[in-house]
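Coordinate inspection notes
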Amino acid sequence: MSMTHEDLTALVYLVPATVGALVMKAGSGRLAVFSFCVLPGTLIHELLHLLVGAMTGAKPVSMSLFPTRQPDGRIALGSVTFENLRWFNAAPTCLAPLLGLPVVWLIAKARVAEAWSFEQWDLLIWAGLSAQLLSCWPSSTDLVQSLRSWPLYLAGVSLAMMHYL
C-alpha cells in the first residue's frame, strides 16, 4: 500500500498536534493544568468506553471525568464503571479508546483535503488533536481488564496463524 500525497500532507498536518501531545505529557506533573489540557481527550476516551460497553452488554453504571488518585499512587483522569464486564466484552470495551485514532486521522485528512493553508483555527484543532492523541491509548488498567477476553485473543492468534502459516 503506497502513501498518497493527501496521506503525506495529513501526516505533516499532525506534526504540531504530536508535538503538542509531547509537551502536554512533559507537563503532566502539574495535575490541574494537565487535567484541564487533556479534558477533551479524556471525555472522548471515557465516552468510547461507555458507548462500546453499552453496545457489547458490559452495562456501564457510572462515569467520572474528575482526576482521582489510585491506591498505587497513579492518577486516573477519568473512569467508567461496568457491572457486566465479561470475557466476551472486556477487550472491545477496554480497548475502545483506540477508536479515537481513526478519528484523529479523518480530521487531519478532512482539514488538508482542499488546498490547505494555515489558519488561526488550526491552533485550536491541533490543541484538540493533541489531547486526543494522548487519550486514545488504553490505560494500564484498561489493558489488564481487557485480558478477561483471553479466549478472544487466543482465537485471533489462532486465526492469524492459520492464515499466515
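Anything mentioned here points back to the structure above.
This structure is a prediction, so every number in the text was calculated from the model and none was measured.

Overview of the overall build of the chain
Within the chain one finds nine helices and four strands. Element order for the chain, N to C, with α for helix and β for strand: α-α-α-α-β-β-β-β-α-α-α-α-α. Dimensions of the chain, computed from C-alpha atoms along their principal axes, come out at roughly 50 × 50 × 25 Å. For the chain, long-range pairs separated by at least 24 residues make up 70% of all intrachain contacts whose partners lie at least 6 apart in sequence.

Remarks on the pattern of salt bridges
Per the counting criterion, the structure on display carries four salt bridges. For K109, the salt bridge goes to D7, with nearest N and O atoms at 2.6 Å. Taken together, the residues K109 in helix α6 (residues 100-112) and D7 in helix α1 (residues 5-13) connect sequence positions 102 residues apart. The same class applies to K109 and to D7, which are both buried. Between E119 and R111 there is a salt bridge; the shortest N-O distance is 4.0 Å. One network of salt bridges, with partners in common, ties together E6, D7 and K109.

Considering the packing of aromatic side chains
Scanning the model with the defined rule gives four aromatic pairs in all. With centroids separated by 5.8 Å and ring planes inclined at 25°, the aromatic side chains of F118 and W126 adopt a geometry described as stacked. Members of the aromatic cluster, joined through ring pairs, are Y13, W116, F118 and W126.

Re α6
Residues spaced three or four apart along an α-helix face the same direction, because each turn holds 3.6 residues. Between its first and last C-alpha atoms α6 spans 19 Å; for 13 residues at 1.5 Å apiece the expected length is 18 Å, and the two agree. Buried within α6 are the following residues: G100, V104, A108, K109, R111 and V112. As for α6, its buried residues are in contact with α1, α4 (39-55) and α7 (121-135).

So, the environment of R74
Turning to its location among the elements, R74 is positioned in the loop between β2 (68-69) and β3 (75-76). For R74, a relative accessible area of 40% corresponds to the partly exposed category. In this structure the C-alpha to C-alpha distance between R74 and A54, which are 20 residues apart in sequence, comes to 27 Å. Sequence-distant contacts of R74, defined by excluding residues within four places in its chain, comprise T68, R69, S140 and T141.

Each value, and the rule that gives it
- Residues numbered from 1 in each chain as written.
- Predicted model: local features only at pLDDT ≥ 70, side-chain atom pairs only at ≥ 80, totals over all residues.
- Heavy atoms only, no water.
- Helix = DSSP H or I, 4+ residues; strand = E, 2+ residues; numbered from the N terminus.
- Contact = heavy atoms within 4.5 Å.
- Salt bridge = Lys/Arg side-chain N within 4 Å of Asp/Glu carboxyl O.
- Buried < 20%, exposed > 50% of the residue type's maximum accessible area, 1.4 Å probe, protein only.
- Phe/Tyr/Trp six-rings, centres within 6.5 Å; stacked < 30°, edge-to-face > 60°.
- Expected span 1.5 Å × (residues − 1).

That is the geometry; function is a separate question.
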